[in-house]
Every structure is written in C-alpha cells, then in structure tokens.
Amino acid sequence: MLAELRAVRRAGPVRLRALDLPLLGALAAAPEARHPRTVEDLLRRAVAELDTGTLQEAARHTLGLAPGTTDSPAADRRKRAAAVYNVSVERFRRHHELLVLAAVADEIGRLAEAPAGPDRRVAAPGPVESPAAEHQVLHLPLRGRTVAVHLHTHSVDLLRDVDVVVSPSNVYLALAEAYKNSVSAVLRRACAVRGPTGDLIEDRISTELRQWLDQYRSFGRPVLASTVAPTGAGALERQGLRRIYHAAVAVPRPGTNDYDVQPADVTRSVTRALALLGEEHRAFDPPLRSICFPLLGAGRGGLPPETSIAAVWAAVEAELSRGAPWEIHLVVRDAARARTVTRHLLAPHTAPLRPAAS
C-alpha cells in the first residue's frame, strides 16, 4: 500500500486513472465500502480520519487533496507539506513524508477492516457530508443593528488580512514548542523568520514576548490569569497580520503536564484583548480594526468547545453591544467545531448563515 501511495504522491489526483493501483482500487470498489467508489474518495476518507492539525494538513498537501493542489506538481506539493512542519524539503522527504504516508496507510487499513454500519463514516449510507466552507459570515442581530462575524475553518496560520490574532497561552506566557500543533505552536512557527532553506533565523515572537516579560519583571513568574501580552506578527506580516495578543488562560496543574482553564478567565482575557485593541489601534497606520479569536482553552486546557465559544462570545457580545467598531473573526480547525460555533451564535436568532464573498 505504501508503494501505491508513493505513486499517488508523485502523480497527484488528476493522474490517478493512469496509475496501476490494484490494492487501493480494490479497497475503494469493495461492496462493503459502499461510499469511496474511487481511489480519490478513499484517500479523502482516510485523511479525514487523521488527527486534525499538522499531520492532516501535511497529508492533504502531499497527496494533492488540499484546495488548489489537485493539479500541482509533486515538488510544489512536497514544498507546501514541508512548510506545514517548518522543515526543509529534503528533511521532509527523508523523514516526515514517510510518517505521513504511513499514517494514511494505517487509516485506509482501519477503514477496510471496519464492519459496515452507521458508526463508521466509510460505511454510512447516503451522500458524503460536505466539508465546512473555509470562510463564512454569520449575520447576527444585536441591539437594533446587524453585526457580521467571520468564521474561518482552517489552521490559524492561514489567516490573511486580520490585524490582530489572539493566541492562548499559560500564566507563565511560555510559548509552546514549535513542533507541536496547538494554536500557540502554529503561530510561533509561522511568525518565525526563516532563510531560503528553511533554517531558523529569528524566533520573533518568542524574543518579543521575553522582552515584554522583562519589562514588567515577570520573566519566570506567573502572571495573573487573563493577562494579555502583545507582540508583533513576525513573518505573518506578509499575510497582513500585524499583532499577536498572547492571552494567559491556562494554569499548570502541579505535578502534571495538564492545565486548568476557567471560563471566566477566558471571558476576562477576551475583554482585555478588546481593550488592548482599543488602546493600540490608533498607533498603527492604517489603524487596527480587526481581531480574531480561536476557541481559547479548548485544546490542552480541556474546555469543551461549547464552553469556550460561550466564554469568548460573552465578552465579544458585550463589546459589540456598546457600539464597538471592531471586525470580529473566529477561527476553528475543523467542521465539527465550526458547527458548534454556528449553533451557539445562531441559536437565539433567525438570521441566515451566508457564505463570504469570494
């Protein structure tokens, strides 16, 4: 199966029919599989089963399943996949690519072994559920006016032209290691300045965050939960991002690698981030006006996504109700969380969910 997956990687989806793929073809066409029907369907099913984050994103680029990569040359797709892990193309080819393809092969094997039934996506009758649109706009009535909330369903580092992104952090404001897949880690990787070969030149936001802590004599000591520390956006400035607000919402649990997050601290952090936006917006040209929130505390912090969006929205709604002019964005990784957000925000209203203008 790995040999066939390597052939798919080289050819890409547009050339699948020209390949000799006896094993993948048989699995896709097996009567008990019902839905895949084609090798491309089978691959999409398997990749969808991977853990969301860097592994799934790299697999989509590697196999040409990401939007805009279906007919891309293999070298371009490998380059994009390497960028997901922030490693050189050669490093990705020798190490990460093998792990990605092996993970896809494992998922295909599990799908093939699963009994037909409604509890498995590959065996469920009916049409395949469409993925959520990457950018939607929720139009919400609020105090006699309508406010637009932009909902992004993709990795946070794919945002463009949003002035401020809020990054969840712990009360030590210690950034996650760059190889992890949390929001903080993804932003740290994306903001780092790198050379033409992918070598790290400057860990920009780590440096600026340490300077902020030194300024307030807090390095090595915890800050109050809900503290928000601003830094620049480093390399993401090329995508139109200008500030990262690091929100201290997670409190380390003594003697473990776990964290505790209180919904009230999430709400206070969002309130503080919006206040900081108000303090800083005129210091930039053009002034800052848009801000994006992930589901704070819903990763390692352990908050259910429903609890996180409720805590985030409590502060955002209060700010907008006072007539604040900010453009609000929310970012989630997958369709399931996007549905959670839309259910929460649209439940009290009858306003429709409209696709964003392209």
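Residues numbered from 1 in each chain as written. Predicted model: local features only at pLDDT ≥ 70, side-chain atom pairs only at ≥ 80, totals over all residues. Heavy atoms only, no water.

### Structural notes on unusual backbone geometry
For the bond running from aspartate 285 to proline 286, omega is 0°, close enough to zero to count as cis. Mapped onto the elements, proline 286 comes out in the loop between α9 (263-280) and β9 (290-293). A positive phi angle, close to 55°, is found at asparagine 86, a residue other than glycine. Even without being glycine, arginine 143 reaches a positive phi, approximately 50°. Looking at where arginine 143 falls in the secondary structure, it is placed in the loop between β1 (135-142) and β2 (145-153). (Helix = DSSP H or I, 4+ residues; strand = E, 2+ residues; numbered from the N terminus.)

### Quick notes on the nonpolar core
One finds Tyr245, Ile291, Phe293, Val316 and Leu330 to be the most contacted residues of the largest nonpolar core, which totals 43 residues. No other element matches the seven residues that helix α10 (residues 305-321) contributes to this core. Apart from the residues lying within four places of it in its own chain, the contact partners of valine 316 are Val270, Leu274, Phe293 and Ile328. Listed in part, the 28 residues of the second largest apolar core include Ala46, Leu63, Leu101 and Leu111. (Core = buried A, V, L, I, M, F, W, Y, C linked by side-chain atoms within 4.5 Å. Buried < 20%, exposed > 50% of the residue type's maximum accessible area, 1.4 Å probe, protein only. Contact = heavy atoms within 4.5 Å.)

### Side note on the packing of aromatic side chains
One pass over the structure, following the stated rule, counts two aromatic pairs. For the pair tyrosine 85 and phenylalanine 92, a centre-to-centre distance of 6.3 Å together with 35° between the ring planes defines the contact as tilted. With relative accessibility at 0%, the residue phenylalanine 92 sits in the buried group. Judged by centre distance (4.8 Å) and plane angle (45°), the rings of tryptophan 212 and tyrosine 216 are tilted. Judged by relative accessible area, tyrosine 216 falls into the partly exposed class, the value being 46%. (Phe/Tyr/Trp six-rings, centres within 6.5 Å; stacked < 30°, edge-to-face > 60°.)

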